[in-house]
Structures are given as C-alpha cells and as structure tokens.
Amino acid sequence: MHILLLSHDADFKLRIKEHFKQFECSFDLFDDASKVFDAIYKKIYDVVILCVEEPHFEALELTKQIRENKIRVPIILVSKLLDFEYLKMGYERGCSDYLKEPF
C-alpha cells in the first residue's frame, strides 16, 4: 500500500509510519501542501492522509482541488480541532473519512 501523508507535525508522521510498518506500507511524507498536488499526479496512491491544521487549513482546500480534478483516491482528514464546522467542510469538499486526534 502506498500512502501520501501531509502534516507539519514530525511526531505524528513518525507515529503513523510506525503503526503501518507491520503492513509493509510505503509513504511519501509532506509538510508543504503545494507539493502534494504535484505528487498526486506523478504517482498512484492507495490513500491520502491530510492533517487539518491551523492557521492555513491547507488540507481542506487540497481535498477540494483533488476532487475537482476527478482524482479518485480515498482521502482521510485528521484533526485535533473539535469544531463541527471543520468536519462538515471536510465532507463537503470530498473527504472519505475524518478522524479526530488523538486516536
């Protein structure tokens, strides 16, 4: 399984990689949303994990762009934010699932 992961949190990226290590997954790790969109066109991913982080909320806009460009990959948004509006915006933009951190 090939996974794209966008997060500014190095600890989070390490925890996710460790968790999936047993499944022999490969990762492309990003901390810059502008590079993610290019990567999606160059490689095929089985899943995209995007962290919704303040202050830019790049993951929400990126989800929207992926869907507008008809890229059919599961997108999982991950957030520490409690506000229902972020959850709603994620689904409106086309996410497949939304996970609340910590998990």
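Going by the structure above, here's the rest.
The paragraphs below set out a description of the structure included in this document.

Reading guide: rules and limits
- Residues numbered from 1 in each chain as written.
- Predicted model: local features only at pLDDT ≥ 70, side-chain atom pairs only at ≥ 80, totals over all residues.
- Heavy atoms only, no water.
- Phe/Tyr/Trp six-rings, centres within 6.5 Å; stacked < 30°, edge-to-face > 60°.
- 1 Å grid on protein atoms, 1.4 Å probe; cavity = no way out; pocket = protein on both sides within 12 Å on 5 of 7 lines; lining within 4 Å.
- Points joined across faces, edges and corners; volume = space filled by probe spheres on them.
- Helix = DSSP H or I, 4+ residues; strand = E, 2+ residues; numbered from the N terminus.
- Nonpolar A, V, L, I, M, F, W, Y, C, P; charged D, E, K, R; others polar.
- Pairing = 2+ DSSP bridges.
- Axes fitted to C-alpha atoms, helices over the stretch in contact; angles between N-to-C directions.
- Contact = heavy atoms within 4.5 Å.
- Core = buried A, V, L, I, M, F, W, Y, C linked by side-chain atoms within 4.5 Å.
- Buried < 20%, exposed > 50% of the residue type's maximum accessible area, 1.4 Å probe, protein only.

## Some words on the packing of aromatic side chains
Phase 1: Tallied over the full model, the rule gives 3 aromatic pairs.
Phase 2: When the ring of Phe20 is compared with that of Phe27, the centres are 6.1 Å apart and the planes differ by 65 degrees; the resulting orientation is edge-to-face.
Phase 3: By way of ring pairs, the aromatic residues Phe20, Phe23 and Phe27 are connected into one cluster.

## So, empty space enclosed by the protein
Phase 1: Under the criterion given, the structure shown has 1 cavity of 30 Å³ or more.
Phase 2: Considering only enclosed or pocket space, the largest cavity measures out at about 60 Å³ in volume.
Phase 3: Forming the boundary of the largest cavity are Leu6, Ser7, His8, Cys51, Val52, Glu53, Phe57, Glu58 and Ala59.
Phase 4: At the level of secondary structure, the elements contributing two or more residues to the lining of the largest cavity comprise strand E3 (47–52) and helix H3 (58–68).
Phase 5: For the lining of the largest cavity, the residue count by class is 5 nonpolar, 2 polar and 2 charged.

## Quick look at the sheet that holds strand E2 (residues 26–30)
Hydrogen bonds between backbone groups are what pair the strands of a sheet, and the pairing can be parallel or antiparallel.
Phase 1: Spatially, E2-E1-E3-E4-E5 is the arrangement adopted by the 5 strands of the open sheet, whose pairing is parallel. Only two strands of the sheet have a single neighbouring strand rather than two, namely E2 and strand E5 (97–100). With strand direction ignored, the average angle separating the axes of adjacent strands in the sheet is 20 degrees.
Phase 2: Note: E3 against strand E4 (residues 75–79), 5 bridges, orientation parallel. By the bridge assignment for E4, Cys51 is matched with Val78.
Phase 3: Sitting on the sheet, helix H2 (residues 33–42) touches strand E1 (2–6), E2 and E3, and the angle it makes with E1 is about 160 degrees.

## Here's the deal with the layout of surface pockets
Phase 1: The computed volume of the largest pocket comes to approximately 200 Å³.
Phase 2: Of all the elements in the fold, those that place two or more residues in the lining of the largest pocket are helix H1 (10–20), E3 and E4.
Phase 3: When residues in the lining of the largest pocket are grouped by element, the largest group, 5 residues, is from H1.
Phase 4: Classifying every residue of the lining of the largest pocket by side-chain character gives 10 nonpolar, 1 polar and 2 charged.

## Description of the nonpolar core
Phase 1: Judged by nonpolar contacts, the single largest core of 25 residues is most densely connected at Leu4, Leu50 and Leu77.
Phase 2: When contributions to this core are tallied by element, the ones reaching two or more residues are E1, H2, E3, H3 and E4.
Phase 3: Tallying contributions element by element places H2 first for this core, with 5 residues.
Phase 4: Once residues lying within four places of it in the same chain are set aside, the contact partners of Leu50 are Leu4, Leu6, Ala59, Leu62, Thr63, Ile75, Ile76, Leu77 and Val78.
Phase 5: With 10 residues, the next largest nonpolar core counts Ile3, Phe27, Val47 and Cys51 among its residues.

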